[in-house]
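Architecture at a glance
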Amino acid sequence: TAEELSADFNALEKYKGISDTIIYNPAKFKPIFGAKADTKLQAIFKVVKNPNVVVSDNDIKTRVVAAITNYFDIANWDFGETFYFSELSAYLHNTLVPDIASITIVPASATETFGSLLQINAEYNEIITSAATVDNVQIISAITAAQLNQVVTA
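In this text, all values refer to a predicted model and were calculated from it rather than measured experimentally.

1. Some details on the overall build of the protein chain
If you tally the helices and strands in the protein chain, you get 3 helices and 7 strands. Helices (α) and strands (β) of the protein chain occur, in sequence order from the N terminus, as α-β-β-α-β-α-β-β-β-β. For 154 residues, the compact-globule formula gives about 15 Å, and the C-alpha radius of gyration of the protein chain, at 20 Å, lies well above that figure. In the protein chain, which comprises 154 residues, the proportion classed as buried is 33%. Carbon together with sulfur atoms contributes 53% to the accessible area of the protein chain, which is approximately 9,400 Å² in total. Positive and negative side-chain charges in the protein chain, numbering 10 and 17 respectively, have mean positions lying 5 Å apart.

As structure tokens, then:
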């Protein structure tokens with residue numbers, strides 16, 4: 001709480017100027033993708049492997065999660081910063097070249113629609129972090145409407 005922060009960092013008061021005010025705001029982490037995330041923010045990364053490269057599914061899954069974890073390093077994010085999947089996708093493609101051909105993100109919840117996780121906003125006191133695990137990565141042969149949880153109507 002703000003009171004706990006004020007008590008813990010009370011020594012800072014002697015370093016501020018007379019006209020300065022120190023405001024203590026508690027910070028929150030906003031986990032996304034994995035089981036620790038809110039249900040609406042849980043996701044499956046669907047990866048199409050490059051057919052011209054011999055690499056195991058488990059290796060791809062492990063490397064995808066490691067790259068996502070690197071991307072969400074606390075040093076790369078500020079409070080209130082918005083997550084855009086297009087930026088993560090570009091990073092993953094650059095990091096995992098030539099092993100993956102394509103990657104997309106699909107909500108894990110059946111009640112959410114494709115596209116709902118392409119942009120995730122954080123509050124002013126939140127920092128977005130990844131809770132993704134290898135269980136959130138699925139290797140597929142191609143990106144189709146069925147893979148994106150889209151209903152195909154005739």
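Still to come is the rest of the account.
2. Overview of the pattern of salt bridges
Once the charged atoms of two side chains with opposite charge are near each other, the side chains can pair. Counted by the stated rule, this structure contains 4 salt bridges. Here the salt bridges do not stand alone but share partners, grouping D59, R63 and D99 into one network.

3. Some details on the side chain of K46
You can see K46 is positioned in strand 2 (residues 43-49). Despite its burial, K46 pairs with no opposite charge, the nearest such side chain being D57 at 13 Å. At 3.2 Å, the side chain of K46 and the side chain of Q138 are in polar contact.

4. Examining the sheet that holds strand 4 (residues 100-107)
Sheets are built from strands that pair by backbone hydrogen bonding, the pairs being arranged parallel or antiparallel. Strand order in this open sheet of 3 strands is 4-2-7, and the pairing throughout is mixed. Looking at the sheet topology across the chains shown, the edges are occupied by strand 4 and strand 7 (137-140). For this sheet, the mean inter-axis angle between neighbouring strands, taken without regard to orientation, is 25 degrees. Strand direction decides the pairing type here: strand 2 and strand 7, joined by 4 bridges, are parallel. Considered in strand 7, the bridge of K46 is made with Q138. Packed on one face of the sheet, helix 2 (residues 57-71) meets strand 2, strand 4 and strand 7 and runs near 135 degrees to strand 7.

5. What about helix 2?
Every α-helix carries 3.6 residues per turn, so stepping three or four residues along brings you back to the same face. With 15 residues, helix 2 should reach 21 Å at 1.5 Å per residue; the first-to-last C-alpha distance of 21 Å fits that figure. Within helix 2 the residues assigned to the buried category are I60, V64, V65, A67, I68 and Y71. Buried positions in helix 2, seen along its axis, are confined to an arc of 160 degrees and lie on one side of it. Of the surrounding elements, those touching the buried residues of helix 2 are strand 2, strand 3 (83-84), helix 3 (85-95), strand 4, strand 6 (126-130) and strand 7.

6. Considerations on the packing of helix 2 against helix 3
The interhelical angle for the contact between helix 2 and helix 3, taken along N-to-C directions, is 125 degrees, at an axis separation of 10 Å. Between helix 2 and helix 3, the interaxial angle falls into the category oblique. The interaxial crossing formed by helix 2 with helix 3 has right-handed handedness. Here R63, V64, A67, I68, N70 and Y71 of helix 2 come into contact with helix 3, specifically with E87, L88, Y91, L92 and T95. Its residues assigned to classes, the contact of helix 2 with helix 3 comprises 7 nonpolar, 2 polar and 2 charged.

Here is what the cut-offs are and how they apply
Residues numbered from 1 in each chain as written. Predicted model: local features only at pLDDT ≥ 70, side-chain atom pairs only at ≥ 80, totals over all residues. Heavy atoms only, no water. Helix = DSSP H or I, 4+ residues; strand = E, 2+ residues; numbered from the N terminus. Rg over C-alpha atoms; globule rule 2.2 N^0.38 Å. Buried < 20%, exposed > 50% of the residue type's maximum accessible area, 1.4 Å probe, protein only. Areas by Shrake-Rupley, 256 points an atom, 1.4 Å probe, with all protein chains shown as cover. Lys, Arg positive; Asp, Glu negative; His and termini not counted. Charge placed at Lys NZ, Arg CZ, Asp CG, Glu CD. Salt bridge = Lys/Arg side-chain N within 4 Å of Asp/Glu carboxyl O. Polar contact = N/O pair within 3.5 Å; in protein donor to acceptor, adjacent residues only side chain to side chain. Pairing = 2+ DSSP bridges. Axes fitted to C-alpha atoms, helices over the stretch in contact; angles between N-to-C directions. Contact = heavy atoms within 4.5 Å. Expected span 1.5 Å × (residues − 1). Arc of directions from axis to C-beta. Parallel < 35°, antiparallel > 145°, perpendicular 65-115°, else oblique. Left-handed = near helix turned anticlockwise from the far one by under 90°. Nonpolar A, V, L, I, M, F, W, Y, C, P; charged D, E, K, R; others polar.

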